[in-house]
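So you can see what is in the structure, the chains are spelled out below.
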Amino acid sequence: MIARDLVRWLTAARGDDAGGGRSGALSPGVARRPVRGGRAAWRGGGVAPVRARVPGVLTELEPAPGGGLVRFARSELYVRVTVRGALFLGWDGAAPLPSYALTGAEAVAPDERVVLEPDTEGGVRLVSERLGLTVARDGTVEVRTPGGVMLRRQAPPRWWEAAGSVRGGGRWVSRAEVAADAVFLGAGRDGAVLAEGAYTVGGVRPGLRMPVQVVQADAGCHLVFHDAEEEGEWLLRPGREGAGSGHDRAGVAELRMSGGPVRSWVVVGSPQRLAYGWASLTGAPVPPPGDALGGAGRELVVVRGGGGPGAVEGCLTTGRRRGFGGGAGLTRGFRAGAGPTRRFGGDAGRDAGAGVPEWTDSEVRAREGERYVAFAGQGRHGFVHSFEGMGGVLELCRARAVFNSLRGAFPGERPLQLAVGVWAGQQRYGGVCLPGPEAGDWAELPRAVGRVLGLGLCGVPFCGPGVPGTGDGGRGARGGEARTPGVRTRGVRASGVRRSEGSLSDEDAEWAVRWEQLARWLPWSGGAEGGSAGGAASGERERWGPYWTTLARHAGLWGGPWVRPVWWFTPEDRALRGVGDAFLVGEALLVAPVCEPGVRSRRVRLPKGQWYDTATEVVYEGERTVEVAAPLDRVPVLVRAGAVVPVREAGGTVLDVWAPLAESGPGAGLYIPDEEGGWSPPLVERYTSRLGADGEVVVERSGGPGAGPGGASAAGRPVRVRGLGAAEAVGPA
């Protein structure tokens, strides 16, 4: 049965390209290749005799701080739980460090309270307050909740190694099973939900190729990261619950790698817990400059090729833009000269692309970083990198070199850089420019939302789509190479559709408006100036600037995404799992963009609580589907009752307080000022809102200077109460 599954999945993977996305599920019309061809493709096609190896039978247990070493007849498994609750599993002597993704020894410090002890039937178990773990005598690993509910069953890995080679140098496969109701989530090319099919991961080519996965189920959530830089495939098959007396079919996630260490990390808990645990391993996201989140605007340099900004052939200039879509006005485009092909890791066949420097070399990183410093000295402090044929670990090393060099040269500023490639830990150095949509394609709107949500779940909150394009068959949106924010030409609007020739159809014009409305609520986008919503969009984005900077600075403390799925606070709510065209911005706001032509109202499923429409101040009851107005001039934005939201007005920052209701109870909100825009420690201002005895809204600051005996004080900032005139809560549509 297992052999037939492997051949079937290899056949499905034949059509996968280098973009890191889904090749598509099997269908009855897909032609099958012979079994011998599938096995030859996996094992190397007669290059050398190979032998299969499995761990064998458990023979010995050696306890160690945070876990221990479990020895088998033909392998060993190293288990460790860190002080922040992340679980490490390393086979064949694989250790947590060195690793490109992790921040260092402090991130993997063991939890001394954890005990690894013998279990029944010849296995071992781990005693920890954060999670449960059992290892069977054949090497099967089961990850459980602290209450004992199983989340993941990991079969023992299997290696295919050349005869006489060093152990651990061949291909390997790792197969895991999850609950039947589980949903696979991650940085997918078609959105956050990873459907059935094959996904390319690892390697050094560009694309969304991180081997990071979040699994959501009724029993709980967990995050998995396979820390291997080699190129491989993740074969996913979601589970299916049996109807009536039918049997459940478990979900399957099978990872096949071409080499490298067999080591992985698992974090168990709520979505907030996963975000914190992941940030404790790979680092918290670095906040971008405040003017890149809705302030005065930021000039970006587009760098293409692999030679760095020192190898410039030509420059093209367009106008500067302010504020909208992250405030990134694109002004210059560069293409570096081609150079000799570089290899990464000494593995023939792993082409890093023409002209790509050896970014894994410390001397190369220092030299190339100084080139960026020299260019930034000319007043260019923002970069978008589109290195042809480069991604994965190479992209992470490049981001690290540029970030460290710019921070050392300009200690009072936070660097701004985005890249097309991405790897675990990328959030420590900057953001990611996702593929731009195909102009006029309405299906691209929810897909863009899904990509941002997926990367946010994988720890990269500062991301967004590039410039919409035309006439490339959708390659920029779904192909192997992501479209970067290109150089803008005269007469082109934000949608990428020309308006000067009178060829813009009504539906295309509506698409352009709806795209701009969506883009202003994403962390970053390669939008443009002008267009029917341009001026209003820029002003609205700048008005919400204090809220965006608060999200960015707060994420630098605990690692959560800025844009979140609507089920973020209630992952057990199945009705919210299928909502892919609406999202939360922080804790307070829910955005429901319009993703269909001709729509002037839309239905949206709300999380629990009460929600105000920010435009009409109508209040809606949560945990149901409601109909909200969506005229062409605005996108539906709802705010949680009781929320305290900082906004920018002419006189400075004002706290918008949405009146708490008797049903909703007290509310809360944060504000983290970012006036200096540098590396000063953030000062978190916490506010609460409640209804007083006479029905008036009371706003207090929790803790901080001037707090009274009860830990609260007056707000100390201008307050504007909204929603007092709201009618009774509106029920389901």
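Keep in mind it's a predicted model, so treat the numbers as computed, not measured. Going along each chain's sequence as written, the residues are numbered from 1 onward. Local features in this predicted model are restricted to residues of pLDDT 70 or higher, and side-chain atom pairs are both shown and tallied only at a pLDDT of 80 or more, whereas totals for entire chains, interfaces and linings draw on every residue. Remark: hydrogens and water are excluded; side-chain values derive from all non-hydrogen atoms of the structure.

Draft legend 1. Structural context of the nonpolar core. Throughout this description, the term nonpolar core refers to a set of buried Ala, Val, Leu, Ile, Met, Phe, Trp, Tyr and Cys residues connected via side-chain atoms within 4.5 Å. Think of it in three bands: with a 1.4 Å probe and only protein chains considered, a residue is buried below 20% of the maximum accessible area for its type, exposed above 50%, and partly exposed in between. Judged by nonpolar contacts, the single largest core of 127 residues is most densely connected at L455, W521, W548, F583, V585, L589 and L590. Ranked by residue count, the leading element in this core is helix α6 (residues 392-409), at nine residues. Counting 39 residues, the second largest nonpolar core, distinct from the first, contains L77, V124, L194 and V268. For helices the rule is a DSSP run of H or I covering at least 4 residues; for strands it is a run of E covering at least 2, with both sets numbered from the N terminus onward.

Draft legend 2. The arrangement of helix α9 (residues 506-519) in detail. Helices are assigned an expected span. That span is 1.5 Å times one less than the residue count. Under the 1.5 Å per step criterion, the end-to-end length of α9 is 20 Å for 14 residues, consistent within 8% with the ideal 20 Å. The buried fraction of α9 amounts to 10 of the 14 residues, a majority that puts the element mostly inside the structure. For α9, the complete set of buried residues consists of E510, W511, A512, V513, R514, W515, E516, Q517, L518 and A519.

Draft legend 3. Representation of the packing of aromatic side chains within the structure. Pairing of aromatic rings covers Phe, Tyr and Trp, the last counted by its six-membered ring, and requires centre-to-centre distances within 6.5 Å; plane angles under 30 degrees mean stacked, over 60 mean edge-to-face, and any other angle means tilted. Under the definition given, this model contains 14 aromatic pairs. Arranged with centres 5.5 Å apart and planes meeting at 35°, the rings of F72 and W91 form a pair that is tilted. Remark: W91 occurs in strand β5 (residues 87-91) and F72 occurs in strand β3 (residues 67-72); sequence separation between them is 19 residues. Residue classification places W91 among the buried positions, given a relative accessible area of 7%.

Draft legend 4. Here's a closer look at unusual backbone geometry. For the bond from L97 to P98, the omega torsion is 5°, close enough to zero to count as cis. As for its position among the elements, P98 is in the loop between β5 and β6 (115-118). At E121, a position not held by glycine, the phi torsion is positive, near 60°. Checked against the element boundaries, E121 lands in the loop between β6 and β7 (124-127). Not every positive phi belongs to a glycine, and E617 is a case in point at roughly 65°. Relative to the helices and strands, E617 is located in the loop between β33 (610-613) and β34 (619-621).

Draft legend 5. A look at helix α11 (residues 545-558). Compared with the 20 Å implied by 1.5 Å per residue over 14 residues, the 20 Å span of α11 between its first and last C-alpha is a close match. For α11, the buried fraction is high: 12 of the 14 residues fall into the buried class. Of all the residues in α11, the buried ones are G545, P546, Y547, W548, T549, T550, L551, A552, R553, H554, A555 and W558. Positive backbone phi, at 90°, marks G559, one or two positions downstream of α11.

Draft legend 6. Region of interest: empty space enclosed by the protein. Here a cavity means grid points, on a 1 Å grid over the protein atoms only, where a 1.4 Å probe fits yet cannot get out; a pocket means an open set of points with protein on both sides within 12 Å along at least five of seven lines; lining residues are those with an atom within 4 Å of a point. Grid points are joined across faces, edges and corners, and a volume is the space filled by probe spheres set on the points. One pass over the structure, following the stated rule, counts seven cavities of 30 Å³ or more. The calculated volume of the largest cavity comes to roughly 150 Å³. Lining the largest cavity are 14 residues, and of these L89, Q154, S174, H226 and S264 lie nearest its centre. Elements represented by at least two residues in the lining of the largest cavity include exactly β5, β9 (141-144), β10 (150-154), β17 (220-226) and β20 (263-269).

Draft legend 7. Structural detail: the confidence of the model for the protein. Summarising the model, the protein shows a mean pLDDT of 79, and 74% of its residues fall at 70 or more. On a scale of 0 to 100, pLDDT captures the predictor's confidence in every residue. Contacts were defined at the residue level, with two residues in contact if any of their heavy atoms lie within 4.5 Å. This model gives residues 12-46 a pLDDT under 50, and the stretch forms 68 contacts once residues within four places in sequence are excluded. Ignoring residues within four places in sequence, the model shows residues 470-502, a span with pLDDT below 50, making 99 contacts including any to other chains.

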